[in-house]
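Inside the fold
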Amino acid sequence: MTENPFFESWTTPFGMPPFDRIRSEHFPPAFDRGMQEQIAEIAAIAGSAAAPSFANTIEALERSGRLLERVSRVFFNLDASNTDNAIEAIARDYAPRLAQHQIGVALDPALFARIADLHARRASLGLDPDQLRLIDRYHLRFVRSGALLNPEQKERMAAISERLASLQTLFGQNVLHDEQDWQLVLDATDLDGLPGFAKAAAAQAAEERGLAGRYAVTLSRSAVEPFLTFSSRRDLRRALWEAWTARGAKGGAGDNAPIIREILALRAEQARLLGYENFADYRLDDTMAKTGAAAERLLLQVWEPAKAKARDERAELEAVARREGLNEPIEPWDWRYYAEKVRKARFDLDEADIKPYFVLDNMVQAAFDTAGRLFGLTFTEREDLPVYHPDVRVWEVREESGCHVGLFVHDNFARPRKQSGAWSSRYRNQENMDEPVTPIVVNNNNFAGGDVAAGEPTLLSFDDAKTLFHEFGHGLHTLLSRVRYRSQSGTAVRRDFVEFPSQMFEHWMSVPETLRTYARHYRTAEPLPEELLRRLLAGRNFNQGFGTVEYTAAALIDLDLHRIAATEPFDPARFERDFLDRMEVPKEIGLRHRLPHFQHLFAGSGYAAGYYAYLWAEVLDADGFAAFTEADNAFDPELAERLKAIYTAGDTRDPMELYCAFRGREPAIAALLQQRGLAAARSG
Ligand SMILES: [Zn+2]
């Protein structure tokens, strides 16, 4: 085999992975050598004859596993953004091996003895606050992995971790395959109600699938949402809805029900081994919320007001539906369609009128310029760096002083072999232990491309533009990080705090200054007319009853799932039905994420018993942005400076402490209820 790029030091600018030279066959040997190297490093730390010190134990751990981290970051980012059969096979093969490797490190008794010794003596070691917190976090992480268990229990913990890694990999692959395998193939006569951009996207999707001259609606959210919103063909909306909600639940070898059953049982067993009653208690013990009860309390504070608001919304939808001759109840595949008609009647807003003003490139520029005004960053495109797909663009990020900050990689378009949804990740984290290391961040979206043949740009919906800003907020959390240790870098914060920097940044997308400057018509470059801008902002809270019910139901079912006793025989479909009945979830809304494709919960464990985190963080972002509103300046420099301190701190300080330093007090929920238009419903 030719030389393996993972075994060389990279000479690409700023440490960009040499994508032009990386082939799938390079991954297995690099994973193998990466694990071997770290095993040797850990053995040297754990077996050292020298008394434990911060430098020879904690800092040595920070230094270990460099090759493994480098290959893992490239591999898992490519697996999510641009996979193929070879990468999928390697993922199935290596996910359990990597899990076993990690748990092996965490359960090494000699290594833990050194960490425990340092932890016990930490106050007398003369350490800086970030170092003290780092010891605390290491100690807690090892304990939470099972370092205090007996050998037999440890063996069981290791077996569970390994099996969970396999199951989670399979879960995600099954969803991706179901998304690839299905499309609604239509002719020009089936497109009633669809605006031009949706027709163009469907034509392009058909062409990509070898169906030139026809139209294909795929199961990508950016294709599903517009079709459900605009198509006047109720039969087709229903067919699409049913296919969309059947992902992962089609029976046969790719069915996710048995996988969910086993994952839940293993997580419950893991929690019990560690002395917790259930997985939710275990998971939430290390969050801002601290307990499942606290998370649930917050969710229930919005649940009834949201349902009340959704009932009012449904009445309006029904009135329109009756006028249009629908004499049946509103179904989940009808809601978006009639909501759009109500929105049009009430605010005189038409998605098809708004979209031409939201050109992808302009909104990207808006995000860059906002980061410039708030935090002093500049972005310059680099076309000389290797990328893994022609869609991908790269920017160099600098401070105003000209100092290099990092790289920002943007991968915006939906593709068949790309995971759906939007996410932010890293190819490299910032750190400054032995030498300054600058971050490489990637933002993924799944926008439908513009009509390339007609030379038309990609147009976004208002929600797409918010998603763009959301992921960019995570990106800034990575880019602005100024920490010493990589374990504390950027987004390495508690799970229910990590959505704060991203959701906070969303607010700047819809401030009038941003919209006036960057929302320009793609043909004429005319700014969004003031009258349309006024109506757009007035309609911002529209349909929030629906949105809040959809989200909160998903967060509540997640907590419920992870609190059940593992002994119950688990049937996902029955669990969903019981949940919908018990919580009286409006049936015309239903579940946005049905369990068989709820990737946040089952394609990894990061958001398991953690989906509530978005609302938890929204309390903070609504309250936090209110500070700018109160100052009557969305770009108030002094507030921006204090906010920047949160983005730079990573996990070097307690999140509530960070928030209070920015806001001058603890967060209050009032702004959230206001933001979602639930304040009146709650008191009424
Ligand atoms: Zn996020």
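Preceding this section is the structure that the text describes.
Scope of this entry: the structure provided in the associated data block. (Residues numbered from 1 in each chain as written. Predicted model: local features only at pLDDT ≥ 70, side-chain atom pairs only at ≥ 80, totals over all residues. Heavy atoms only, no water.)

Another aspect to go through is the pattern of salt bridges. Taken as a whole and assessed by the stated rule, the structure comprises 65 salt bridges. A salt bridge links Glu 269 to Arg 156, with the shortest nitrogen-to-oxygen separation between them at 2.6 Å. With a gap of 113 residues between them, Glu 269 in helix α11 (residues 257–273) and Arg 156 in helix α7 (residues 151–181) connect regions that are remote in the sequence. When its relative accessible area of 34% is taken as the criterion, Arg 156 is described as partly exposed. We note a salt bridge from Arg 563 to Glu 296, for which the minimum N-O separation is 2.7 Å. (Salt bridge = Lys/Arg side-chain N within 4 Å of Asp/Glu carboxyl O. Helix = DSSP H or I, 4+ residues; strand = E, 2+ residues; numbered from the N terminus. Buried < 20%, exposed > 50% of the residue type's maximum accessible area, 1.4 Å probe, protein only.)

Once that is clear, we can look at the packing of aromatic side chains. Taken as a whole and assessed by the stated rule, the structure comprises 45 aromatic pairs. A ring pair is formed by Phe 469 and Phe 505, whose centres lie 5.4 Å apart and whose planes are at 20°; its orientation type is stacked. Here Phe 469 is found in helix α17 (residues 462–479), whereas its partner Phe 505 is found in helix α18 (residues 499–506), with 36 residues between them in sequence. Comparing Phe 469 with Phe 505 shows no difference in burial state: the two are buried. Relative to Phe 625, the ring of Trp 508 lies with its centre 5.1 Å away and its plane at 85°, an arrangement referred to as edge-to-face. Pair noted here: Trp 508 is in the loop between α18 and α19 (512–518) and Phe 625 is in helix α24 (residues 613–630), with a separation of 117 residues, a long-range link. Classification of Trp 508 by relative accessible area gives buried; the value is 0%. Judged by relative accessible area, which is 12%, Phe 625 ranks as buried. Site record: aromatic cluster; members linked through ring pairs are Phe 368, Phe 379, Trp 395, Phe 408, Phe 469, Phe 472, Phe 505, Trp 508, Phe 625 and Phe 628. (Phe/Tyr/Trp six-rings, centres within 6.5 Å; stacked < 30°, edge-to-face > 60°.)

Phe 358, Met 363, Leu 476, Trp 508, Phe 602 and Leu 643 are the most contacted members of the largest nonpolar core, which has 140 residues in total. Contacts of Leu 643, omitting those with residues within four sequence positions, involve Phe 375, Phe 500, Met 504, Trp 508, Phe 628 and Phe 662. (Core = buried A, V, L, I, M, F, W, Y, C linked by side-chain atoms within 4.5 Å. Contact = heavy atoms within 4.5 Å.)

Taken as a whole, the second largest pocket encloses approximately 600 Å³ of empty space. Lining of the second largest pocket is provided by 23 residues; of these, Arg 66, Arg 70, Arg 428, Glu 431 and Val 437 occupy positions nearest its centre. Of all elements in the fold, only α3 (66–81), β6 (423–428) and β8 (436–437) reach the threshold of two or more residues within the lining of the second largest pocket. In terms of residue count, α3 provides more of the lining of the second largest pocket than any other element does, five residues in total. Its residues assigned to classes, the lining of the second largest pocket comprises nine nonpolar, four polar and 10 charged. (1 Å grid on protein atoms, 1.4 Å probe; cavity = no way out; pocket = protein on both sides within 12 Å on 5 of 7 lines; lining within 4 Å. Points joined across faces, edges and corners; volume = space filled by probe spheres on them. Nonpolar A, V, L, I, M, F, W, Y, C, P; charged D, E, K, R; others polar.)

What follows covers the pairing of strand β4 (residues 393–399). Where strand β3 (residues 377–381) lies against β4, five bridges are found, and the strand directions are antiparallel. Directly across from Phe 379, in β4, lies its bridge partner Val 397. (Pairing = 2+ DSSP bridges.)

What follows concerns the coordination of the zinc ion. Of the protein atoms, only His 470 (NE2), His 474 (NE2) and Glu 499 (OE) coordinate the zinc ion, at distances of 2.1 Å. Look at where the donors of the zinc ion fall in the sequence and you get H-x3-H-x24-E. Of this pair, His 470 sits in helix α17 while Glu 499 sits in helix α18, and the two are 29 residues apart along the sequence. Overall, His 470 belongs to the buried group, its relative accessible area being 9%. By relative accessible area, Glu 499 is classed as buried at 2%. (Donors = N, O, S within 2.8 Å, 3.2 Å for Na, K, Ca; no water.)

The five strands are arranged β3-β4-β5-β9-β6 in an open sheet whose pairing can be described as mixed. Strand pairing shows two members of the sheet lacking a second neighbour, β3 and β6, which therefore form its edges. Averaged over all pairs of adjacent strands, the angle between their axes in this sheet comes to 30°, without regard to strand direction. Where α3 meets the sheet, it contacts β5 (404–413), β6 and β9 (440–447), and its direction lies at approximately 150° from that of β6. Against the sheet, α17 touches β3, β4, β5, β6 and β9, its axis set at about 170° to β9. (Axes fitted to C-alpha atoms, helices over the stretch in contact; angles between N-to-C directions.)

Counted at 1.5 Å a residue, the expected span for α17 with its 18 residues is 26 Å, and the 25 Å between its end C-alpha atoms agrees. Of all 18 residues that make up α17, 15 are buried, and the element is covered over most of its length. (Expected span 1.5 Å × (residues − 1).)

One can find Glu 456 in the loop between β9 and α17. You can call Glu 456 partly exposed: its relative accessible area is 29%. Taking the C-alpha atoms as reference points, Glu 456 and Ala 200, 256 residues apart in sequence, are found 9.9 Å from one another. Of the polar contacts made by the side chain of Glu 456, one reaches the side chain of Arg 523; its length is 3.2 Å. (Polar contact = N/O pair within 3.5 Å; in protein donor to acceptor, adjacent residues only side chain to side chain.)

With that settled, the discussion passes to helix α2 (residues 54–63). The buried fraction of α2 amounts to seven of the 10 residues, a majority that puts the element mostly inside the structure. Every buried residue of α2 is accounted for by Phe 54, Thr 57, Ile 58, Glu 59, Ala 60, Leu 61 and Glu 62. Close packing links the buried residues of α2 with α1 (27–46), α3, α5 (109–120) and α6 (129–145).

In this structure, Ser 420 sits in the loop between β5 and β6. Judged by its relative accessible area of 22%, Ser 420 is partly exposed. It is 26 Å that separates the C-alpha atoms of Ser 420 and Leu 299, two residues lying 121 residues apart in sequence. Not counting residues up to four positions away in its chain, the partners in contact with Ser 420 are Glu 179, Asn 446 and Gln 599.

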